[in-house]
Each structure stands twice: as structure tokens, then as C-alpha cells.
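Close look at the chain arrangement
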Amino acid sequence: MVATPIGNLEDITLRALRVLKEVDWIASEDTRHTGQLLRRYGITTRQVSFHEHNTRQRLDRLLRALDEGDVALVSDAGTPGVSDPGFELVQAALAAGHRVRPIPGPSAPVAALIASGLPTDSFLYLGYLPRQAAERRRMIATLAEERRTVVCFEVPHRLRAALADLAGALGDDRQAAVCRELTKLHEDIRRGTLASLVSQFGKEAPRGEITLVIAGARETARWEEARVRRALERQSAAGATPTEAARAVSEESGWPRREVYQLAIKNRRKPAGPAEERQ
């Protein structure tokens, strides 16, 4: 399992270069892409493609190759087995009694995390966010009380929608970083609140590989629902709209803004009781 550069071809270890030269085969996600790296360092080892669309067809061939010698698995960029079918080859190789060795190196999630300025002591990696909007929102909703820093991938044409969904579920003021084209010539790391990032990327069409890093929820004791309702009533009496009230109360209560907003709407629709009518 050989980690390869995520952009800058100089980001490869001496051990990785030696292993790629010594093995009998290199299983590559894209042989043309890996070929650029091999040519850069004068490596002539034979390649065989191994990606999500041919996993079943290639497993037997690679296991036979392992019976006769060594195989290096690489992805297009970064550490193989992370958001690619590499784990299936690892499982099959282990089941067949072969030894699996990691050759560590570049990794986009880790690179983005350490450059984000957000806590690194504990983090949750999600891979790519779901393509469908409804599914993406359901996943993001589960992160409302997640204390760990969250790292995930997103494609350029869905970035603004994903940021907007994150802001809606986690709060406009949640800190985050959009890390684009890491280690490449046009590397770009934007840091700020989710609201500010939505605004920035609403004005321009981003390009390239994107990794998102989102701060975890603050260590706030979650209020009881009755206390949230009372706070909403005070906000309403002061003239705040449901949106304004939800934003203010969610920051203090430990509740996700979306849930507070739903309570605010229910409170507004609730008919006044007899005691309220007499006042």
C-alpha cells in the first residue's frame, strides 16, 4: 500500500520510490496518471489497472500475482484504501494469507486538517458527501452535536450547496476551511465561518480537488426543551423573527439551529390559552 503525491510530485518518500522499483507489479487506479509519476523517477515496473469499476475482475489476477511476487497498490493521489476500492484488495490478500504492508506518505484529509487551524486532537473522516441533496442533508443533520472536527471531500459543482446545507444544520457561525488543490501550484485554503464561505464561493466557480474541514460542536450543555421554548418566547416578545430567534437561542442552548427554528414556528402557530387571552 504505497502512498503517492496528492499534487506536487516531490512529495514522495525514498522508501516509496524503492518499493515501486522493486515490486513485480503496480496496481494503479489510473495507469496513465501513475505513469507520469513513474516516468518522473525513471521507474519501469509493469502496471495493471485496479479501480472501482473493475475490482471483481482484477482481484483474482492480483492474488495470482501475489502468489508469485510482490504487488504495490497505489491510488491516483494520496494513500490507497482511503475512499477507493483498495480495502477490498487488502481483505482478499489477508484472507489468502499474504502480508500487507503500509508505505505511508501524503494524505489529503490529513493535509487539510493540519492546515485548517481547527482542532486536530480528534477528527471524523466522512469521505465524499452524498451526491443527492436529501441524502446529504440527512447525513449533515447527524453532525449537529458531533464534537470532533469533521473532514470530508466534495466536488466543485456541489460545493456551494454543501456549504449552505452545513450552515443550515450546524449554524452560520460554525468555523470551517475549504482546502482546494492541496500541494499544487494554485493551492487555495479559505478559512472562516460557514456563512462567509457560502458567500465567497457563491461569487466564483471553484475548480480542482476540494477537502472540507468543519469545526465540531462547542462543549455546550444542551438545554431542556421547556427552557428553549421560554427563550424563544422572550425573543418573539422582543420582536425577533423565527429565523433571528432560532439563531440567537441555538448559540446558547446547544440545540441545532434547524431544530430551534422548527420550535419557533410551532410556538408562533400555537393558539393562545385562556390565561394568555385574559392578559
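Going by the structure above, here's the rest.
About the thresholds
Residues numbered from 1 in each chain as written. Predicted model: local features only at pLDDT ≥ 70, side-chain atom pairs only at ≥ 80, totals over all residues. Heavy atoms only, no water. Axes fitted to C-alpha atoms, helices over the stretch in contact; angles between N-to-C directions. Helix = DSSP H or I, 4+ residues; strand = E, 2+ residues; numbered from the N terminus. Parallel < 35°, antiparallel > 145°, perpendicular 65-115°, else oblique. Left-handed = near helix turned anticlockwise from the far one by under 90°. Contact = heavy atoms within 4.5 Å. Nonpolar A, V, L, I, M, F, W, Y, C, P; charged D, E, K, R; others polar. Core = buried A, V, L, I, M, F, W, Y, C linked by side-chain atoms within 4.5 Å. Buried < 20%, exposed > 50% of the residue type's maximum accessible area, 1.4 Å probe, protein only. Pairing = 2+ DSSP bridges.

**What about the packing of helix α3 (residues 55-68) against helix α4 (residues 86-95)?**
In the contact formed by α3 and α4, the axes pass within 10 Å of each other and the chain directions differ by 45°. Considering their axes alone, α3 and α4 lie oblique with respect to each other. The handedness of the crossing between α3 and α4 comes out as right-handed. In this structure, α3 uses Thr55, Leu59, Leu62, Leu63 and Leu66 to contact α4, whose residues at the interface are Glu88, Leu89, Ala92 and Ala93. In terms of residue class, the contact of α3 with α4 is built from 7 nonpolar, 1 polar and 1 charged.

**What about the nonpolar core?**
Formed by 23 residues in total, the largest nonpolar core has its most connected members in Leu163, Leu166, Leu170, Val178, Leu212 and Ile214. Among the secondary structure elements, those contributing two or more residues to this core are β5 (149-154), α7 (159-170), β6 (175-180), α8 (194-202) and β8 (210-214). The element best represented in this core is α7, accounting for 7 residues. Contact partners of Leu212, with chain neighbours within four places excluded, come to Leu129, Val150, Val151, Cys152, Glu154, Leu159, Leu163, Leu166, Ala177 and Val178. By size, the runner-up hydrophobic cluster in this structure holds 14 residues, among which are Val2, Ala16, Ala72 and Val74.

**What about the sheet that holds β6?**
The strand order β4-β5-β8-β6-β7 describes an open sheet built from 5 strands, whose pairing is mixed. Edge positions in the sheet fall to β4 (123-128) and β7 (188-193), since each of these pairs with one other strand and no more. Direction aside, neighbouring strands of the sheet carry axes that sit 15° apart on average. Sheet topology note: the β5/β8 ladder contains 5 bridges and is antiparallel. Across the sheet, Cys152 pairs through a bridge with Leu212, a residue of β8. Contacting β6 and β7, α8 crosses the sheet at an angle of about 130° to β7.

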